Amino acid sequence: MSTRLITPLDKYIAGEFTRIFSVTIMGFPVLVFVIDLVDNLRKYQEKGLTAKALALSYLYWIPDTLFMIMPAAVLFATVFSIGTFTRYSEITAAKASGISFYRFIAPIVVMATFAMGLDLVFSEVAPPANAERLKLLAGTSSNAMDDRYNFAFASDEGRVYRVYTLSVREKTLNDVEIEERGGPRRPGLLISAKRGHWTAQRGWTLQSGVLHVIPNETADLAFSFDSLVDRRLKETPQELRATERDPAEMRFAELTRFIKALERSGADVNTLKVERMLKIAIPVTCLIIALFGAPLATSSQRGGAAYGIAISLATTVFFLVLIQLTKAIGGKGLISPDMAAWIPNLLVGSFAIILLARVRT
């Protein structure tokens, strides 16, 4: 049974695809790193980054780079492998043997599906690595003891903290206000305190403040306190010191919680919703771009390698521009943010269906 499912031709096609895919997946990150180093070398020198820290930052950048270039690598591998088969009339020979074009590209579709799964893994691996990279480039380890003044912080649970002064060194807060919106089954809370102190054992202890319990829009029950331990104020001084996290630093579930917290505080989260859905849409692009590139590459015998490069680069640039365009449209709320993330795939997928239907099988 396995012999009929996987033929020597399938192995040959998959091997050719894998060879080109592997070269591309290793070469693209190096190219990205070289371009980044040339563009930002002076900035890195001004920050006093050591060669070790810079090399480590690029190591942390690998998962995110692979996540972004995986569809392009699949496209290059598809176009060049199909182009090679076309130039040497291997597709024509396969058709003469009773193998349709759709069956011929089946191994490439399987490999593209594998690349899609791998890209989904990178979408979850990349965020913590990006966070470490940004710490290295920003010198977070050297300025982690700095204070922060007059800021607001939205927690994952939907609470909003307004703090006048935070001292990470002394683990204290001054003039803090905590707002927790109520729901149908629980009252809203508003806590204001003059000071707060954090310990690893008890967390935050607030001092000299007032606790407001707001069961509805007209009632307000106020209680003064000398000392109050807020178990739901779970963030450490270092976490409160951190500035707003970039979507690239958060996994899908973390970004979902962050979006919900911002929504409860009344913030505009359309752009973040597009970024979240792109964590799924970009990996799916690997499969769609293979179905698009396979029939398009059958005419590459006219221009050889140059034609294949032109197709791949033009499609990649078009796709990246389309992502930025739809991200802006979704961010403005003109269409659903989730739909905006899928528009590039829908357009390219439509072209793929048309091209596949026109291929001589």
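As a reminder, the structure under discussion sits directly above these lines.
Residues numbered from 1 in each chain as written. Predicted model: local features only at pLDDT ≥ 70, side-chain atom pairs only at ≥ 80, totals over all residues. Heavy atoms only, no water.

Let's talk about the nonpolar core
Worth spelling out the cut-off: What is meant by a nonpolar core is a set of buried Ala, Val, Leu, Ile, Met, Phe, Trp, Tyr and Cys residues, joined one to another through side-chain atoms within 4.5 Å. Exposure classes here rest on a 1.4 Å probe applied to the protein chains alone. A residue is buried below 20% of its type maximum, exposed above 50%, and partly exposed in between. Put simply, DSSP H or I for four residues or longer makes a helix, DSSP E for two residues or longer makes a strand, and each gets a number counted from the N terminus. Any two residues whose heavy atoms approach within 4.5 Å at even a single point are treated as in contact.
Counting 49 residues, the largest nonpolar core has F21, V74, I82 and F104 as its most contacted members. Contributing elements (two or more residues each) for this core: helix 2 (8-46), helix 3 (51-87), helix 4 (90-96), helix 5 (101-104), helix 6 (106-138), helix 10 (270-296), helix 11 (304-331) and helix 12 (337-358). A total of 13 residues in this core trace back to one element, the largest contributor, which is helix 3. Among all residues touching I82, those that are not within four sequence positions of it are I91, F104, I105, I108, A294, A297 and T298. Counting residues in each nonpolar core, the second largest holds 17 residues, with Y161, L166, I191 and L233 among its members.

Some remarks on the sheet that holds strand 4 (residues 188-199)
Applicable threshold: Two strands qualify as a pair provided DSSP detects at least 2 bridges between them. Fitted lines through C-alpha atoms serve as axes, helices being fitted only where they are in contact, and the angles separating the N-to-C directions of these axes extend from 0 to 180 degrees.
Spatially, 6 strands are ordered 1-2-3-4-5-6 in an open sheet, and the strand pairing comes out antiparallel. Of all the strands in the sheet, just strand 1 (147-154) and strand 6 (221-229) have a single pairing partner and so form its edges. On average, each strand axis in the sheet is inclined to that of its neighbour by 10 degrees, with strand direction left out of account. As defined by bridge partners, strand 1 adjoins strand 2 (residues 160-167) across 7 bridges and the pair is classed as antiparallel. Paired with R148 across the two strands is L166, which belongs to strand 2.

What about a nonpolar patch on the surface?
Heads up, the condition is: In this scheme, patches are assembled from residues that exceed 30% relative accessible area and form no salt bridge. Like charges are connected within 9 Å, while nonpolar side chains (Val, Leu, Ile, Met, Phe, Trp, Tyr) are connected within 5 Å. Calculation of accessible area relied on Shrake-Rupley with a 1.4 Å probe; when residues are assessed, cover is drawn exclusively from the protein chains displayed. By definition, a salt bridge exists where a carboxyl oxygen of Asp or Glu is found within 4 Å of a side-chain nitrogen of Lys or Arg.
Taken together, the side chains of V30, V34 and V38 present a nonpolar region at the surface, about 270 Å² in accessible area. Within the secondary structure layout, V30 lies in helix 2. Assessed through its relative accessible area of 48%, V30 is described here as partly exposed.

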